Amino acid sequence: MIDQLYRKAILTVAERKPVENLVRARGWGLAQRFVAGEDIPSALSAVQELAKDGIQGNLDLLGEFIESPADCTRFADNVIRLLDAAHEAGITPYVSIKLSSVGQGKDDAGTDLGLKNARRIITKAKEYGGFVCLDMEDHPRTDITLEQFRVLVGEFGNKHVGTVLQSYLFRSLKDRESLDDLKPNLRIVKGAYLEPETVAFKDKSDVDANYRRLVYQNMQAGNYTNVATHDETIIDDVKRFVLAHGIERDSFEFQMLYGIRRDLQKELAQEGYRVRAYIPYGRDWYAYFSRRIAETPRNAVFVARGMLKG
Ligand SMILES: Cc1cc2nc3c(=O)[nH]c(=O)nc-3n(C[C@H](O)[C@H](O)[C@H](O)COP(=O)(O)OP(=O)(O)OC[C@H]3O[C@@H](n4cnc5c(N)ncnc54)[C@H](O)[C@@H]3O)c2cc1C
């Protein structure tokens with residue numbers, strides 16, 4: 001409950017324009033703890049750096065609340081540029097996209113623009129043997145994202161496109177089951193948005209219990225599972241679960257965010273687990289940065305100190 005109040009307070013403050021302007025003007029140095037850089041070369045060098053520790057990358061061009069259809073298509077073009085650049089640098093591209101950024105919900109000659117742009121991105125990723133994960137956004141987008149995921153798996157197969165389920169949503173267990181026929185590649189997260197209590201668990205213990213259920217059920221259904229959390233207790237439980245149930249190490253991976261628990265990321269990679277870091281980059285870092293601050297008071301203290309020094 002306190003977690004929820006803290007998150008709500010930070011995200012509400014972050015939405016205020018003067019706060020945004022101040023943080024945008026003075027906070028880039030601090031944001032670089034969580035964001036790899038503003039351009040493609042910085043993002044690719046972060047992937048190469050992590051590879052030295054046996055950690056793979058999941059690149060995310062930042063951009064939310066993109067309004068005009070032309071901007072959405074330009075955003076998709078930039079993701080395709082990223083795929084080209086990764087391929088040229090000898091990196092098999094693995095990227096995450098938010099369907100809202102590429103036009104989800106906007107009509108384009110009778111087809112959803114988000115779906116159209118996602119097709120272009122996945123076509124390119126598939127050409128390079130790569131992978132595209134459809135991030136999950138706030139709950140009004142869950143239905144359409146899962147519907148579009150189903151369409152895209154139908155067209156490209158489950159080796160080139162995956163999506164995300166959030167354990168704070170009541171509906172996620174049912175959603176997981178409903179996707180089983182696709183043998184989906186699923187990333188399980190707790191959920192990063194401010195959701196009403198009509199749709200989401202508010203107590204951390206409920207969110208955590210549901211997280212374990214989602215991971216275990218997805219593994220037992222034989223689907224590839226991305227265990228995306230920094231929660232060490234859950235990670236230890238998952239390690240025990242896979243041992244006890246004979247889940248192969250090549251059928252799941254641990255995922256964490258760039259700049260968070262780097263020690264744990266390295267440790268897991270050294271133990272022989274697949275580990276992937278989610279690497280955001282780009283100029284539009286503010287909303288992502290706010291969500292990371294909202295996740296733990298320690299980060300708010302870090303930012304407040306940095307801003308006072310700056
Ligand atoms: C790879 C990846 C992809 C994601 N994709 C999505 C998505 O598509 N949609 C979505 O809604 N959410 C996404 N998230 C965010 C997720 O929903 C959570 O908000 C976030 O991961 C924090 O939850 P946690 O599982 O780490 O557990 P928590 O219970 O929040 O934290 C567990 C412990 O991890 C540490 N920790 C957690 N967050 C931070 C932080 N920011 N800084 C420092 N320490 C921290 C703390 O020590 C904390 O005690 C993603 C997360 C990851 C790791």
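A short tour of the structure in this document, coming up. All values reported here derive from a predicted model rather than from experimental measurement.

1. Digging into the overall build of the protein
Broken down by element type, the protein carries 13 helices and ten strands. Here the C-alpha atoms of the protein give a radius of gyration of 19 Å, agreeing with the 19 Å that 2.2 N^0.38 yields for 310 residues. Taken along its principal axes, the extent of the C-alpha atoms in the protein is 50 × 45 × 45 Å. The proportion of buried residues among the 310 residues of the protein is 54%. When contacts within the protein are restricted to residue pairs at least 6 apart in sequence, those whose partners lie at least 24 apart make up 74%. Surface exposure of the protein reaches about 14000 Å², of which carbon and sulfur atoms provide 53%. Where the 44 positive side-chain charges of the protein centre and where its 45 negative ones centre are 3 Å apart.

2. Structural notes on empty space enclosed by the protein
Inspection of the entire model under this criterion finds one cavity of 30 Å³ or more. Around the largest cavity, the lining residues are Asp60, Leu61, Leu62, Gly63, Glu64, Phe75, Ile97, Lys98 and Ser101. Considering only residue class, the lining of the largest cavity consists of four nonpolar, two polar and three charged.

3. Some thoughts on the environment of serine 290
Within the element layout of this structure, serine 290 appears in helix α12 (residues 286–295). Through-space distance from the C-alpha of serine 290 to that of aspartate 135 is 17 Å; in sequence the pair is 155 residues apart. Apart from the residues lying within four places of it in its own chain, the contact partners of serine 290 are Ile10, Leu11 and Ala14.

4. Examining the environment of tyrosine 288
Tracing the backbone through its elements, the reader meets tyrosine 288 in helix α12. According to the relative accessible area criterion, tyrosine 288 is buried, its value standing at 3%. In this structure the C-alpha to C-alpha distance between tyrosine 288 and arginine 16, which are 272 residues apart in sequence, comes to 15 Å. If sequence neighbours within four positions are ignored, tyrosine 288 has contacts with Phe34, Val35, Leu62, Glu64, Leu257, Tyr278 and Pro280.

5. With respect to the layout of surface pockets
Empty space among the atoms can be located by rolling a probe the size of a water molecule over them. Here the largest pocket is characterised by a volume of approximately 1200 Å³. In terms of lining residues, the largest pocket is bounded by 44 residues, among which Arg7, Lys190, His230, Arg292 and Glu295 are the most central. Mapped onto the lining of the largest pocket, the elements with two or more residues apiece are α1 (2–14), β6 (161–166), β7 (186–189), α9 (204–220), β9 (252–257), α12 and α13 (297–309). The residue makeup of the lining of the largest pocket, split by class, is 18 nonpolar, nine polar and 17 charged.

6. Notes on the side chain of aspartate 135
For aspartate 135, the location among the structural elements is in the loop between β5 (131–134) and α7 (142–156). The exposure class of aspartate 135 is buried, given its relative accessible area of 4%. Here arginine 187 takes part through its side chain, which lies 2.8 Å from a polar atom of the side chain of aspartate 135. Apart from the residues lying within four places of it in its own chain, the contact partners of aspartate 135 are Asp60, Ser96, Ile97, Lys98, Thr145, Val164, Arg187 and Tyr278.

About the thresholds
Residues numbered from 1 in each chain as written. Predicted model: local features only at pLDDT ≥ 70, side-chain atom pairs only at ≥ 80, totals over all residues. Heavy atoms only, no water. Helix = DSSP H or I, 4+ residues; strand = E, 2+ residues; numbered from the N terminus. Rg over C-alpha atoms; globule rule 2.2 N^0.38 Å. Buried < 20%, exposed > 50% of the residue type's maximum accessible area, 1.4 Å probe, protein only. Contact = heavy atoms within 4.5 Å. Areas by Shrake-Rupley, 256 points an atom, 1.4 Å probe, with all protein chains shown as cover. Lys, Arg positive; Asp, Glu negative; His and termini not counted. Charge placed at Lys NZ, Arg CZ, Asp CG, Glu CD. 1 Å grid on protein atoms, 1.4 Å probe; cavity = no way out; pocket = protein on both sides within 12 Å on 5 of 7 lines; lining within 4 Å. Points joined across faces, edges and corners; volume = space filled by probe spheres on them. Nonpolar A, V, L, I, M, F, W, Y, C, P; charged D, E, K, R; others polar. Polar contact = N/O pair within 3.5 Å; in protein donor to acceptor, adjacent residues only side chain to side chain.

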